[in-house]
Amino acid sequence: MLKSARKQEKDPEGRMPLAEHLRELRNRLAKALLAIVAVTIVAAFFYMDIISFFTETILDAVGCGKSFEELAKSTTEQRCAQITINGLLTPFTLALKVSLMAGVVLASPIWLYQLWAFVAPGLHKHEKRYAYAFVATGFPLFLLGALFAYKVLPTTAKVLIEFTPFGVDNLLPLDDLLDLVTRMVVVFGLSFELPLLLVMLNFSGAITGKRMLGWWRGMIMGITVFAAIATPSTDPLTMLALAGPIWVLYFGAVAISLVNDRRRARRDAMGPADDEASELDLTPDDIGEVEAVSASRALPEQTSTDRVNGYDDVT
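Residues numbered from 1 in each chain as written. Predicted model: local features only at pLDDT ≥ 70, side-chain atom pairs only at ≥ 80, totals over all residues. Heavy atoms only, no water.

1. A few points about the pattern of salt bridges
- One pass over the full model with this rule turns up three salt bridges.
- We note a salt bridge from Glu-24 to Arg-28, for which the minimum N-O separation is 2.9 Å. You can see Glu-24 and its partner Arg-28 sitting in helix H2 (residues 18–44), four residues apart, about one turn around the helix.
- When its relative accessible area of 0% is taken as the criterion, Glu-24 is described as buried.
- Note on Arg-28: relative accessible area 12%, which makes it buried.
- With a closest N to O distance of 2.5 Å, Lys-97 and Asp-179 form a salt bridge. (Salt bridge = Lys/Arg side-chain N within 4 Å of Asp/Glu carboxyl O. Helix = DSSP H or I, 4+ residues; strand = E, 2+ residues; numbered from the N terminus. Buried < 20%, exposed > 50% of the residue type's maximum accessible area, 1.4 Å probe, protein only.)

As structure tokens, this is what we get:
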């Protein structure tokens, strides 16, 4: 039922009718959704452990180890918070939400492969090689950014909890807390993808490495401002811990782009590759002097002057 359409018709150039393309897309989407559903069902049995993994570090930083009554009698001005769930159906919906999020993330190798298998036959050989390199580099970069977010979360929670007025109990809804953790992980992960995006633009010919190098002052300032906003800690070392790796990745992307520019210049001098079409020169050439051509002799039937409606009887 889900047999790939490309296995039924093999074309050396990867061509197929529109109906086959739609059937192929349907099969790829079905396989990706089945993988996500299967992983989601498995993750549902471990959603308690998943929640504990994301909230344990925050609780260690700002968690209240005492009851509200004991905190009210305490003379210390240390702020703390307790994680809560509001509503009867909230635990169930939260379990579905966490399980689905885990299913999408953990099943990413499968649905990314299905996406790649649908797109790959239309790519050239060198484009496939670049795509493999981008995927193999982008996933570790995203994980590195997510790891930084996870390490920064306790410090961020400590700073934010200090804005709570003294004598006021701070309750952290668990669903809001998980949304905050997810946003930070996604933002930090995508920020580490910036150098990869610049390299992709360079390989596509949109920007040059020399132009990227000319942006270094603005990029350093922008990365520093982003790190200051993403890490609300008053400690400058925490901000530099995020900004420093992105600086290094940016200059690494500039170096790769400069090398690619030199390689592209040498390749253009050698001509197109075997699987690429050469550029056509569509400039019209000068045809030179026009040669006069004598008219052909008329047929005997056409010498008559009798015409009907402007035409002779032959035509």
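2. What about the environment of Val-152?
- Positionally, Val-152 belongs in helix H7 (residues 125–161).
- Val-152 sits in the buried class, given a relative accessible area of 8%.

3. A look at the confidence of the model for the protein
- The predicted model of the protein has a mean per-residue pLDDT of 75, with 74% of residues at 70 or higher.
- When mean pLDDT is taken per element in the protein, H2 scores highest with 87 and helix H1 (residues 5–8) scores lowest with 48.
- For the stretch residues 1–9, pLDDT sits under 50, and the model shows 22 contacts to residues farther than four places along the chain or on other chains. (pLDDT = per-residue confidence, 0-100. Contact = heavy atoms within 4.5 Å.)

4. Remarks on the packing of aromatic side chains
- Across all of its chains, the model carries four aromatic pairs by this definition.
- Measuring from centroid to centroid gives 5.5 Å for Phe-148 and Phe-192, while their planes differ by 35 degrees, and the two rings are tilted. Residue Phe-148 is found in helix H7, and its partner Phe-192 is found in the loop between helix H8 (174–191) and helix H9 (194–203); the two are separated by 44 residues along the sequence.
- Phe-148 gets classed as partly exposed once you look at its relative accessible area, which sits at 21%.
- Ring centres 5.2 Å apart and planes at 65 degrees place the aromatic pair Tyr-250 and Phe-251 in the edge-to-face group. (Phe/Tyr/Trp six-rings, centres within 6.5 Å; stacked < 30°, edge-to-face > 60°.)

5. Remarks on the nonpolar core
- If you look at the biggest cluster of nonpolar residues, it comprises 35 residues, and the most contacted ones within it are Ile-58, Val-62, Phe-188, Leu-198, Met-212, Leu-242 and Tyr-250.
- Put simply, the parts of the chain that give this core at least two residues each are helix H3 (47–62), H7, H8, H9, helix H11 (216–230) and helix H12 (236–270).
- Here the element with the most residues in this core is H7; it accounts for nine residues.
- Ranked by size, the runner-up nonpolar core spans 10 residues in total, among them Tyr-47, Ile-51, Leu-174 and Leu-178. (Core = buried A, V, L, I, M, F, W, Y, C linked by side-chain atoms within 4.5 Å.)

6. So, the packing of H3 against H8
- In the contact formed by H3 and H8, the axes pass within 11 Å of each other and the chain directions differ by 90 degrees. In terms of orientation, H3 lies roughly perpendicular with respect to H8. Taken together, the residues of H8 that come into contact with H3 (itself represented by Ile-51, Phe-54, Thr-55 and Ile-58) are Leu-174, Leu-177, Leu-178 and Val-181.
- Split into classes, the residues belonging to the contact of H3 with H8 amount to seven nonpolar, one polar and no charged. (Axes fitted to C-alpha atoms, helices over the stretch in contact; angles between N-to-C directions. Parallel < 35°, antiparallel > 145°, perpendicular 65-115°, else oblique. Nonpolar A, V, L, I, M, F, W, Y, C, P; charged D, E, K, R; others polar.)

7. Details of helix H5 (residues 90–106)
- Given a rise of 1.5 Å per residue, 17 residues ought to cover 24 Å, and the 24 Å separating the end C-alpha atoms of H5 matches this to within 8%.
- All of the buried residues in H5 are Thr-90, Leu-94, Ala-95, Val-98, Ser-99, Ala-102 and Gly-103.
- As for H5, its buried residues are in contact with H2, H3 and H8. (Expected span 1.5 Å × (residues − 1).)

8. Overview of the packing of H5 against helix H6 (residues 108–119)
- Running from amino to carboxyl end, H5 crosses H6 at an angle of 55 degrees, the nearest separation of the two axes being 5 Å. With respect to H6, the axis of H5 lies oblique. Along its contact with H5, which presents Val-104, Val-105 and Leu-106, the element H6 presents Ser-108, Pro-109 and Trp-111.
- Counted by class, the contact of H5 with H6 contains five nonpolar, one polar and no charged residues.

9. What about the side chain of Thr-40?
- Note on placement: Thr-40 falls in helix H2.
- Among the residues examined, Thr-40 registers a relative accessible area of 14% and is labelled buried.
- Of the polar contacts made by the side chain of Thr-40, one reaches the backbone oxygen of Ile-36; its length is 2.6 Å.
- If sequence neighbours within four positions are ignored, Thr-40 has contacts with Ser-99, Leu-100 and Gly-103. (Polar contact = N/O pair within 3.5 Å; in protein donor to acceptor, adjacent residues only side chain to side chain.)

10. Observations concerning the environment of Asp-261
- Structurally, the position occupied by Asp-261 is in helix H12.
- Classification of Asp-261 as buried rests on a relative accessible area of 18%.
- At 3.1 Å, the side chain of Asp-261 forms a polar contact with the side chain of Asn-202.
- A polar side-chain atom of Asp-261 sits 3.2 Å from a polar atom in the side chain of Arg-264.

11. Remarks on the side chain of Asn-260
- One can find Asn-260 in helix H12.
- According to the relative accessible area criterion, Asn-260 is buried, its value standing at 3%.
- Those residues in contact with Asn-260 that sit more than four places away from it in its chain are Asn-202 and Phe-203.

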